[in-house]
Structures are given as C-alpha cells and as structure tokens.
Amino acid sequence: MILKVPALAWKRLGDYLHETQLLGSIQSTLYWDQNTNMPPSGASWRGEQLSLLATQLHARQSSKYFEELIDEAKAEFERSTDIGELDVNHANDRRRNIELLEQDLSRQKRLDPQLIAALAVAKAEGYKLWQEAKSKNQFNSFAPALSKLIALRKEQSRQLNEDRSCWETLAQPFEPDLSIQRLDELFAPLRDRLPALLDNVRSWELPESNKWDLDAQVQQDLCDILLSEWDRDALITALARSPHPFSITLGPQDFRLTTRIVPGQPLSCFLATAHEWGHSLYEQGLNFESHQWFAWPLGQATSMALHESQSLFWENRVVRSKEFSERFWPHFVRAGAPLTSGHDLWRAMNPLMPGLNRVEADELSYGLHILIRTDLEIALIEDGLEVKDLPYEWNSRYKELLGLEPKSDTEGCLQDVHWSEGQFGYFPSYLLGHLISAQLSEAMSDGLRDLGIQGKDPLGTCISSAKESLLLSWLRKEVHPYGRKVNAEDLVQEVTGKPLASTAFLDYLDEKILLLGQKSS
C-alpha cells in the first residue's frame, strides 16, 4: 500500500492561482460595467482602474515567487509520479497544467509592465473613442487611437519574440498554434466557393418580403422565452444590453451576457441572445472540479474558435433550423409578428441576402465578412496598410466580395468593437468556429443515432421535440471538458476522427441552400 503524501506545493500553487483569478474577475467585472452601465465620462477613470489591475495581474503572473511555486509543484508532482501515487489521467492533467503554466509564465516575463499598463489605458480610451466615432460617423476621430493600439500590439509581439510573425503572435491567446499558412489552407476553399454560392442565390426570384418590427420589450420577452425553454438558471446568469453583444464569466457561479436591439431588425436581438447563450453554456460546462475551473489552465476554454463553434451551433444549427421555426413561430405571432407559418419565420431567419453588417449576416455571407476583416488586420499589422486608408480598403473589398458598399464608416469599418480593444487575431476564430461547429454537428448526429434517435437529421428530430437538452448533454460529454488539454484542431480530430476542414461546413451550406431554393422557385 502506498502512503499518500499531502500535495502541499500543489495546494500553495492552486491558492496563488485562485487569488490571481480573483483579481482577473474584478477586471472582468469592470469591463462588464464599462459596456453596460458606465456613463461615457467615466472612461478616463475606468482606464486608470483597468491599468492598475492589469499591472498588478502582470506582476503576479510574472513574479519570481510564482515561478518558484511552479517549480516546487512540478518537483512534488514528479516525486508523486515516480512512486505511482497518481493514476494516469490525474498525472496527465497535472503535467499539462504545469506545461501551460510554464508557457504562460514565460510569455508574461518577457513583457514590460509599462507596456501592460499602456495597453490597458489605450484599450479603455480606444473603446470610448470608438463608441463616439461610430455614433457620429467620424472615423478620423478614432484613427489615432487605432494607430496607437496597433503600435502597442506590435511592441508586444516584439517583446514576446516568438518564432512567429507579428500577427501570428498576437493571435496565440485566441487560437493557440495558429499560423497564417494553416489559415490560408482552411480558408482557401471558402474563398473559392462562398462567392459562387452567393451568386447562385442572387439568381433566385425571391418573393418580396414584408418589412416588420417588434417593440424592444417584446423582443426581450421572446429572448426570455427562448432561454426559459433552454433551462436558463437565473441564479447564476444575468442579461443586459450593450452596444455590441458579448458573453463574459465573472465567477464560477456568475455568467453574464448582453444583447442589443437593432431598429428594423426584429430577429437581431433573438439571434444574438442565442449566440451569446452558446458562449455561456460552454463556460458553464468547463471543469468545475476542485478549484481547477477558475484557477488552473485546464479549466479554461480550448480556444476562441472552439468558443465560437459553440455559440454558432446554438444560433445557426439550432435557432436558424427549420425545425426550430416550426416549433417556435407561435410565440412570434403572439408577440405581434406578421407570420402565417413556421416557414415564414424560417425564411426570415435565413434571408440568404448579403448585407453590410457582420453580426446580422446569415450563414452564407458571414464567412465573407470574416475573410475581409482577417485580410485587413493582417495588412494593418504586417503589410504596411495605413490606418487612414482602412475605410477605402474596407469599402472596396465589400464591393468586390459582397457587391455592396457602405454609405458611411459607421456601417463600414467602425461596426465592430474588436480593434478598439486591440484584439488583433480574433476575427478568424469566427469562421474557424463555423468549420468546427459543422464538423462537430456531424459527429453529434452519429452519437444521437447511437442513442436511438434515428432519421436523416437526428439533430432536427431533437429540436422539433424541444429536446435540445440531448444536444447539450452530448457537448457536455464530448467537447466542453477538454479545456486547454489540447488545441482546437486536436480536439476536432479526437472528437470527430477527422482533421479540421471546410468540407462539412460547405456540405451543410449546400444542403440548406438547396432546401431554401426549392421553396423559392
């Protein structure tokens, strides 16, 4: 019999990580408030608050004491494995946690605290100026802040000094191990097929759609019905509105999400709520064992592409499905929507008409929005595109790929919040998320068949009968527990048995377009 020795060094490290995460959650709480309740004039003070917290967090995450805690825990772990104290799974998990902590520590140690503070201030100021510029259609008033953020992020890449290009280095926190070469491989079929599919849909003779809208409170009521049907727990979740919808986790029992009301877009709030709820469900499904979820790397999201795959699954594969519309449309009718059937709602959910706004885009044109943004931010970071030329480049690419040209910068290059916060490298995660969602959906269908749910589309069968809980159960078992054990592509390979590719997503689009086309001809 092996006498187990208390893992004291491991506990000390865990306690330190827990404290660090408490500080991080305070920072996230301030961010939530900044986006939902803070008055505009509070931006300067908020920037100082966030700068102070960012500096303190960086100090903890790069300190000699933290390094010693990791070394002691690693030595203790190695002794435990030598005497066979840990089973294989626990040993592998602890080993991976140590590897990731060492990797994160190495990155933090290379960064100058002054840069961390400057970035925090620049992000808060950038967000404030972006809001003002967007409301007034004045890109020039935001341009200096964007230039400053680009310069600071370039300096961050220089200090990290990784064996990657500048943009690739900045993308790592969002998508570990991503390279531009791999991105080009995955996106090449989409660059080829999506414009052709869009041209095909443009040739359809579609009936004129009725313009309608719903009051803001009515839209919120519909969102509440949706989340109630999806078993939202009001004790651990909260909803609010913000200029740009987002989801954020403030604690292991505190999940927040926002949506927005867009005049003339009666489905925008509903779809955004489904999308952000998908993000929150993923966070709620991460590892809660011990203090591992909110402190250790394995309790953190695999990547933002995996995160987006979860939000896109609930928004697109579920809510935009025909089966969902057939089930849910009476709620819209009772709310005042001029619908006569589930088919009417389904068509409204899937217009397949290109527009200028990414968040409101359907599944067909959404990828083109992301390709444009990805190309432009790489050009800004690596290829010398000047900030002053961004509106022109944005508009010309929209005209080329979607056949549309923004009438203002507000509906053009100012529509997204990401660059105002220096989030360069995030945008590809959205399109990668589409690819992952489609591939996981195929694997989920096979898994549901194994449970006795038959038919051509087991997912549709579950949605029709309001049994989305079966879909969530599959995700909870097969996808959510991984955390940072693997990167997104490795997770897809393990769950689906295939490397990540665009095939499943394009096949899904082909089938959906065919079905919608039959109803329009």
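My aim in this report is to walk through the structure given alongside it, one point at a time. (Residues numbered from 1 in each chain as written. Predicted model: local features only at pLDDT ≥ 70, side-chain atom pairs only at ≥ 80, totals over all residues. Heavy atoms only, no water.)

Moving on, we get to the sheet that holds strand β1 (residues 237-241). Reading across from one edge, β1-β3-β2 is the order of the three strands in this open sheet, with mixed pairing throughout. For this open sheet the edge positions go to β1 and β2 (247-251), each flanked by a neighbour on one side alone. Sheet twist, expressed as the average angle between the axes of neighbouring strands with direction ignored, equals 25°. Of the pairings in the sheet, the one linking β2 to strand β3 (residues 254-259) comprises four bridges and is antiparallel in character. In the strand pairing of β3, Ser-247 is matched with Leu-257. The strands touched by helix α1 (residues 8-36) are β1, β2 and β3; relative to β2, the strand with the most contacts, the crossing angle is about 140°. Along the sheet, helix α9 (residues 216-229) makes contact with β1 and β3, crossing β1 at roughly 155°. (Pairing = 2+ DSSP bridges. Helix = DSSP H or I, 4+ residues; strand = E, 2+ residues; numbered from the N terminus. Axes fitted to C-alpha atoms, helices over the stretch in contact; angles between N-to-C directions. Contact = heavy atoms within 4.5 Å.)

For the rest of this paragraph, the subject is the pattern of salt bridges. All told, the structure shown has 34 salt bridges when counted by the stated rule. Note that Asp-15 is salt-bridged to Lys-11, the shortest N-O span being 2.9 Å. Of the two residues, Asp-15 and Lys-11 both sit in helix α1, four residues apart, roughly one turn of that helix. Relative accessible area serves as the criterion here: at 36%, Asp-15 is assigned to the partly exposed category. In this structure Lys-11 comes out as partly exposed when scored by relative accessible area, which is 49%. Between Glu-99 and Arg-96 there is a salt bridge, with its nearest N and O atoms 3.4 Å apart. Highlighted residues: Glu-99 and Arg-96, both in helix α4 (residues 88-109), separated by three residues, approximately one helical turn. Residues joined by salt bridges that share partners form a network here, namely Arg-107, Glu-162, Arg-164 and Asp-177. (Salt bridge = Lys/Arg side-chain N within 4 Å of Asp/Glu carboxyl O. Buried < 20%, exposed > 50% of the residue type's maximum accessible area, 1.4 Å probe, protein only.)

The subject of this paragraph is the layout of surface pockets. Empty space among the atoms becomes apparent when a probe as large as a water molecule is rolled across them. Its boundaries defined by the atoms lining it, the second largest pocket holds a volume of some 1,600 Å³. Every residue lining the second largest pocket is counted, 44 residues in all, and those nearest its centre are Lys-211, Gly-264, Gln-265, Ala-348 and Pro-351. Considering only residue class, the lining of the second largest pocket consists of 19 nonpolar, 14 polar and 11 charged. (1 Å grid on protein atoms, 1.4 Å probe; cavity = no way out; pocket = protein on both sides within 12 Å on 5 of 7 lines; lining within 4 Å. Points joined across faces, edges and corners; volume = space filled by probe spheres on them. Nonpolar A, V, L, I, M, F, W, Y, C, P; charged D, E, K, R; others polar.)

A separate point is unusual backbone geometry. Not every positive phi belongs to a glycine, and Asp-177 is a case in point at roughly 75°. Tracing the backbone through its elements, the reader meets Asp-177 in the loop between α7 (166-171) and α8 (180-202). The phi dihedral of Leu-352 falls on the positive side, at around 50°, and the residue is not glycine. Topologically, Leu-352 is positioned in the loop between α13 (342-349) and α14 (363-382).

It is worth spelling out the packing of helix α12 (residues 322-334) against α13 at this point. Packed helices, taken two at a time, are described by their axes: the angle between them and the distance between them. For the pair α12 and α13, interaxial distance at closest approach is 7 Å and the crossing angle is 110°. As far as their axial angle goes, α13 and α12 are roughly perpendicular. Between α12, through Lys-322, Phe-324, Ser-325, Glu-326, Phe-328, Trp-329 and Phe-332, and α13, the contact on the second element is made entirely by Gly-342, His-343, Leu-345, Trp-346 and Met-349. In the contact of α12 with α13, the residues fall into seven nonpolar, three polar and two charged. (Parallel < 35°, antiparallel > 145°, perpendicular 65-115°, else oblique.)

Everything listed is a geometric property; what it means functionally is a separate question.
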